[in-house]
Amino acid sequence: ELCAVLAEFGGGLDELVWTAWRQAIAPASRISRPGPLKRTMGQFVKGEAGITRQRVADDVKLLRLITAATIAATSRAGKNYARKHLMKFSPDAIKAATGASGWGAQAKFWAKYEELAGVVNEDTIESEIMQTIGEAARGLAEGKDVPR
């Protein structure tokens, strides 16, 4: 009975995590789902040829990897997004982007801020946050060095 409960949990988690990974988190990732975990576990239990304990273990290990990468990336999303935001909108970034100094510089700084902020809305912020999560999750899952 415990195995059935754990298999149901693992199969449901597999569906949820792989769907999110493919659609929202890391659609361009080189890591892809080997197949539905429920199906692989069922084939293993039935003793189907080629479906070994190692195959099931590998599928579970891959699910654990992308689940952990997604959770870790999500926990870092606020800080990573804030860093990217400040690289664009901080006073120093605005000053550097305009190259202005002296008389009239303040007006140029404000004009640059308005230009940058003019394209920011709910959709662009959501997109940037998801991109930040996706970059971090892909980097973690694919073994790349990811800035914190």
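The structure under discussion appears in the preceding block.
Small disclaimer: the values here were computed from a predicted structure and weren't measured.

### Here we look at the overall build of the protein chain
In step 1: Of regular secondary structure, the protein chain possesses six helices and zero strands.
In step 2: Of the regular secondary structure in the protein chain, the N- to C-terminal order runs α-α-α-α-α-α.
In step 3: Its C-alpha atoms give the protein chain a radius of gyration of 22 Å, more than 25% over the compact-globule value 15 Å for 148 residues.
In step 4: Structurally, the protein chain occupies a C-alpha span of about 80 × 25 × 25 Å along its principal axes.
In step 5: Considering only residue pairs separated by 6 or more positions, the protein chain has 63% of its internal contacts joining residues 24 or more positions apart.
In step 6: Carbon and sulfur atoms make up 60% of the accessible area of the protein chain, which totals about 9900 Å².
In step 7: For the protein chain, the distance from the average position of its 21 positive side-chain charges to the average position of its 17 negative side-chain charges is 6 Å.

### Structural notes on the environment of A137
In step 1: Looking at where A137 falls in the secondary structure, it is placed in helix α6 (residues 122–141).
In step 2: For the pair A137 and T67, spaced 70 residues apart in the sequence, the C-alpha separation amounts to 9.1 Å.
In step 3: Setting aside residues no more than four positions away along its own chain, A137 makes contact with W21, I25, A69, T70 and A73.

### Brief notes about empty space enclosed by the protein
In step 1: Counted according to the given criterion, the structure contains one cavity of 30 Å³ or more.
In step 2: Here the largest cavity is characterised by a volume of approximately 30 Å³.
In step 3: Y81, H85, F89, V120, I125 and E128 are the residues that line the largest cavity.
In step 4: Elements that contribute at least two residues to the lining of the largest cavity include exactly α3 (53–89) and α6.
In step 5: By residue number, the principal contributor to the lining of the largest cavity is α3, which donates three residues.

### Overview of the packing of aromatic side chains
In step 1: All told, the structure shown has two aromatic pairs when counted by the stated rule.
In step 2: Aromatic ring contacts, followed pair by pair, group F89, W110 and Y113 into a single cluster.

### What to know about the packing of helix α1 (residues 2–25) against helix α2 (residues 37–46)
In step 1: Look at α1 against α2: their axes get within 8 Å of each other, and the N-to-C directions meet at 145 degrees. On α2, the residues touching A7, E8, G10, G11, G12 and D14 of α1 are L37, K38 and M41.
In step 2: Taken together, the residues of the contact of α1 with α2 sort by class into three nonpolar, three polar and three charged.

### As for a nonpolar patch on the surface
In step 1: A surface patch of nonpolar side chains, amounting to about 270 Å² of accessible area, comprises V119, V120, I125 and I129.
In step 2: Tracing the sequence through the fold places V120 in the loop between α5 (105–117) and α6.

### Points about the side chain of E142
In step 1: The residue E142 is located in the segment after α6 in this model.
In step 2: A polar side-chain atom of E142 sits 3.0 Å from the main-chain amide nitrogen of R30.
In step 3: The residues touching E142, leaving out its near neighbours within four places in the chain, are S29, R30 and I31.

Parameters and conventions
- Residues numbered from 1 in each chain as written.
- Predicted model: local features only at pLDDT ≥ 70, side-chain atom pairs only at ≥ 80, totals over all residues.
- Heavy atoms only, no water.
- Helix = DSSP H or I, 4+ residues; strand = E, 2+ residues; numbered from the N terminus.
- Rg over C-alpha atoms; globule rule 2.2 N^0.38 Å.
- Contact = heavy atoms within 4.5 Å.
- Areas by Shrake-Rupley, 256 points an atom, 1.4 Å probe, with all protein chains shown as cover.
- Lys, Arg positive; Asp, Glu negative; His and termini not counted.
- Charge placed at Lys NZ, Arg CZ, Asp CG, Glu CD.
- 1 Å grid on protein atoms, 1.4 Å probe; cavity = no way out; pocket = protein on both sides within 12 Å on 5 of 7 lines; lining within 4 Å.
- Points joined across faces, edges and corners; volume = space filled by probe spheres on them.
- Phe/Tyr/Trp six-rings, centres within 6.5 Å; stacked < 30°, edge-to-face > 60°.
- Axes fitted to C-alpha atoms, helices over the stretch in contact; angles between N-to-C directions.
- Nonpolar A, V, L, I, M, F, W, Y, C, P; charged D, E, K, R; others polar.
- Patch = residues over 30% accessible without salt bridge, like charges linked within 9 Å, V, L, I, M, F, W, Y side chains within 5 Å.
- Salt bridge = Lys/Arg side-chain N within 4 Å of Asp/Glu carboxyl O.
- Polar contact = N/O pair within 3.5 Å; in protein donor to acceptor, adjacent residues only side chain to side chain.

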